[in-house]
Amino acid sequence: MQFGIFSVGDVTTDPTTGHTPSDTERTKAMIAIAEHADQAGLDVFAAGEHHNPPFVTSSPTTMLGYLAGTTENIVLSTATTLITTNDPVKIAEDYAMLQVISDGRMDLMMGRGNTGPVYPWFGKDIRKGLELATENYALLRRLWEEEVVDWAGNFRTPLQGFTATPRPLDGVAPFVWHGSIRSPQIAEQAAYYGDGFFHNNIFWPIQHTEQMVKLYRSRYESYGHGRADQAIVGLGGQFFARKNSQAAKDEFRPYFNNAPVYGHGPSMEDFTAQTPLTVGSPQEVIDRYATMRDHVGDYQRQLFLIDHAGLPLKTVLEQIDILAEEIVPALRAENESKRPEGVPSNPPSHAERVAAARAKGAVASTHVDGEDEWTGLTAEAGTKPLAKAGAAFGL
């Protein structure tokens, strides 16, 4: 099972010192955090995508491309790639380039984002968010899987004889997660394509997460990709840990109370009771997250948000060490000891995806090896199942 961290890149004042980092300072801190996570032995670092203050992660591929050269083992991913407001042609080329640069040590998570104004900033209509996500992703698949694309749709100019470059590494597209908090249509989309589904449940009760994952698993099986328990699932989470539980609560409380992300609403105790946020000892974090599989089944990726709310870099690096040295080994052992045979421990690696594609004779052209082109799903095919989503849960 993979464990890692994700960052939304927020710029927040440290309430204990009054210091507000500059955009440059925050960006450099994120790079240091990712490099430290790699050195500590974590499996994944993911960066979000935002185009408005107080966030700095407007270009995750730039950051991840740099990290591909400064890290050794960690998988580089996104906590959100905006499938609605980015041009799918640019996504296809940017992430194929990242795939090549990193030797396949990457994947990405598609999402619609949670900032309404971003739509008009990029010339899009928020009321068409789901339609944009559907059409854009269907086109993205074709751009990766077909060497020459002729295409026409509703939201961008047509393509005639277009080839996205560079071609995906070894002729196999990057692995894609579909991230959703509340939209069952996105769980349906992930299931339709046989992609991963990531429920970033940091602000939601576990019952909602359970419903969304259950929908995805059932639809994954119905589309013939495998058993429901073999579907690829990831979860978000949050923690702050110190050796002493009360010390953790005392240290984190001013950050919780002042961070805009928490909305100055429920108390820290109420918030931790209603969401996965866990503030306490490492054992309390282990005990809390060991129960996640009871609700969503055996899953493959757990990411934690730990560099937020104005926490200083030194503290975040300490949290990474606690995660890597104390929390992850216990959670990994607990989850793997209970994983049934035939249920994957991890999302598929690039090497595994290449081997599977070659076994099926389904490897797209790379411009180099001369293998046959593989034509993937059409844009029309990508739109059909979404109208069926969510009825089982009334979401």
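Residues numbered from 1 in each chain as written. Predicted model: local features only at pLDDT ≥ 70, side-chain atom pairs only at ≥ 80, totals over all residues. Heavy atoms only, no water.

### Looking at the nonpolar core
Logical step 1: Ranked by size, the top nonpolar core spans 103 residues in total, and within it Ile5, Leu42, Phe45, Trp144, Tyr216 and Phe252 carry the most contacts.
Logical step 2: At 8 residues, the largest contribution of residues to this core is made by helix H12 (residues 313-338). (Core = buried A, V, L, I, M, F, W, Y, C linked by side-chain atoms within 4.5 Å. Buried < 20%, exposed > 50% of the residue type's maximum accessible area, 1.4 Å probe, protein only. Helix = DSSP H or I, 4+ residues; strand = E, 2+ residues; numbered from the N terminus.)

### What about the packing of helix H2 (residues 60-70) against helix H3 (residues 88-101)?
Packed helices, taken two at a time, are described by the angle between their axes plus the distance between the axes.
Logical step 1: With their axes 9 Å apart at the nearest point, H2 and H3 run at an angle of 10° to one another. By the criterion of interaxial angle, the relationship of H2 to H3 is roughly parallel. Side by side, H2 and H3 meet where Pro60, Thr61, Leu64, Gly65 and Ala68 of the first sit next to Asp94, Tyr95, Leu98 and Ile101 of the second.
Logical step 2: Taken together, the residues of the contact of H2 with H3 sort by class into 6 nonpolar, 2 polar and 1 charged. (Axes fitted to C-alpha atoms, helices over the stretch in contact; angles between N-to-C directions. Parallel < 35°, antiparallel > 145°, perpendicular 65-115°, else oblique. Contact = heavy atoms within 4.5 Å. Nonpolar A, V, L, I, M, F, W, Y, C, P; charged D, E, K, R; others polar.)

### Considering the side chain of glutamine 302
Logical step 1: Of note, glutamine 302 is situated in strand S12 (residues 301-305).
Logical step 2: At 3.3 Å, the side chain of glutamine 302 and the backbone oxygen of leucine 235 are in polar contact.
Logical step 3: At a separation of 2.7 Å, a polar atom in the side chain of glutamine 302 contacts the side chain of tyrosine 299.
Logical step 4: Beyond its immediate chain neighbours, meaning those up to four positions away, glutamine 302 contacts Met1, Gln2, Phe3, Gly4, Leu235, Gly236, Gly237 and Tyr289. (Polar contact = N/O pair within 3.5 Å; in protein donor to acceptor, adjacent residues only side chain to side chain.)

### Focus: helix H13 (residues 350-360)
An α-helix turns once every 3.6 residues. As a result, residues three or four positions apart point the same way.
Logical step 1: Within H13, the full set of buried residues consists of His350, Val354 and Ala357. Seen along its axis, H13 keeps its buried residues to an arc of 70°; they face one direction. Among the exposed residues of H13, those oriented more than 90 degrees off its buried face are Ala351, Ala359 and Lys360.
Logical step 2: Residues of H13 that are buried sit in contact with H3. (Arc of directions from axis to C-beta.)

### Thoughts on the pairing of strand S2 (residues 44-47)
Logical step 1: Of the two faces of S2, the one holding Val44 and Ala46 and the one holding Phe45 and Ala47 are both buried throughout.
Logical step 2: Bridge count for strand S1 (residues 2-7) against S2 is 4 bridges, and the pairing is parallel. Paired with phenylalanine 6 across the two strands is alanine 46, which belongs to S2.
Logical step 3: Handedness of the β-α-β unit built from S1, helix H1 (residues 23-40) and S2 comes out right-handed.
Logical step 4: Relative to strand S3 (residues 75-78), S2 runs parallel, the two being bridged by 4 bridges. When the sheet's bridge partners are listed, alanine 47 is paired in S3 with threonine 78.
Logical step 5: Remark: the S2/H2/S3 crossover connection has right-handed handedness. (Pairing = 2+ DSSP bridges. Right-handed = clockwise from strand over helix to strand, strands pointing away.)

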